[in-house]
Amino acid sequence: LALAKGLAIFCGVAAVFLVAVYCYLRSYLKRKRKAERKQKKAAKERDGVVEAAAGAGGAADAGAADGAERRQKVAAPPRTRLQPLDRGRETVKREADLKRDTLHVFRRLQASQDPEERSELCRQACAIYDDIERRVDSGMAALTSGRIVFCNALMECGGLDVLRECQDSKD
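Presented here is an overview of the structure given in this document. Note that the structure is predicted; figures quoted are calculated from it, not measured. Per-chain numbering applies: the sequence of each chain, read as written, is numbered from 1 onward. Per-residue local features of the predicted model are confined to residues with pLDDT of at least 70, and side-chain atom pairs are confined, for both listing and counting, to 80 or more; whole-chain, interface and lining totals are unaffected and use all residues. Side-chain figures throughout are based on the complete set of non-hydrogen atoms in the structure, without hydrogens or water.

### Overview of the overall build of the protein chain
Inference 1: What counts as a helix is a DSSP run of H or I of at least four residues, what counts as a strand is a run of E of at least two, and both are numbered from the N terminus. The helix and strand inventory of the protein chain stands at 7 helices and 0 strands.
Inference 2: Each helix and strand of the protein chain, placed in order from N terminus to C terminus, yields the pattern α-α-α-α-α-α-α.
Inference 3: Here's how the labels work: a residue is buried when its accessible area is under 20% of the maximum for its type, exposed when over 50%, partly exposed in between, all with a 1.4 Å probe on protein chains only. A buried classification covers 18% of the 171 residues belonging to the protein chain.
Inference 4: Any two residues having at least one pair of non-hydrogen atoms within 4.5 Å are treated as being in contact. Considering only intrachain contacts with a sequence separation of at least 6, the fraction spanning at least 24 residues in the protein chain is 55%.
Inference 5: Accessible area of the protein chain: about 13800 Å², with a carbon and sulfur share of 59%. With residues, only the protein chains shown are counted as cover, and all accessible areas are computed by Shrake-Rupley using a 1.4 Å probe.

### Brief notes about the pattern of salt bridges
Opposite charge on two side chains permits them to pair, given that their charged atoms come into close proximity.
Inference 1: Each reported salt bridge corresponds to a side-chain nitrogen of Lys or Arg within 4 Å of a carboxyl oxygen of Asp or Glu. The full count for this structure, using the stated rule, is 8 salt bridges.
Inference 2: Asp-97 is the partner of Lys-93 in a salt bridge, and the nearest nitrogen-oxygen pair spans 3.3 Å. A residue pair is termed a helical-turn pair when its members lie 3 or 4 positions apart in one helix, as Lys-93 and Asp-97 do in helix H3 (residues 89–111) at 4 residues.
Inference 3: Notably, a salt bridge pairs Arg-100 with Asp-101, separated by 3.3 Å at the nearest N-O pair.
Inference 4: Salt bridges here are not isolated pairs; linked through shared partners, they connect Lys-93, Asp-97, Arg-100, Asp-101 and Arg-135.

### So, the side chain of Glu-95
Inference 1: Positionally, Glu-95 belongs in helix H3.
Inference 2: On the basis of relative accessibility, which here comes to 10%, the residue Glu-95 falls in the buried class.
Inference 3: The residues touching Glu-95, leaving out its near neighbours within four places in the chain, are Arg-87, Val-136, Ser-145 and Val-149.

Structural data, given as structure tokens:
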């Protein structure tokens, strides 16, 4: 019984100690973060003033508001534009061929009234879609790009309406 009381007291004291250590570390981190933010802000202001003064060529300041605005513009990091990925002539040519073939099939489907011809054109469209991987490339990026080309060609000639009509027909 005495051992249990001693253990309970020890655990209680240890818990209070751990809570105190937690509170101390939390306040320490807050102070540290606040100091870091203050240093960064001071460094930005210092760099902004130096860059603004160098950019102004030593001209007199037009006012405090103008100076603060200039510092914000100068201190902002320059945005770099990502260059488009060079996909190569062969890739672009294969995608253009895919688009041409897809447009050809869907335009013929759009103009067709014969149910048998429409069924055949729908089979051709499915074959083109299933054949995209072979036509463009086997990589996932190329395959996705090929599917996008197919869908864009479908949208370009209003193929969704025609496909819906084919789906609704009894043939």
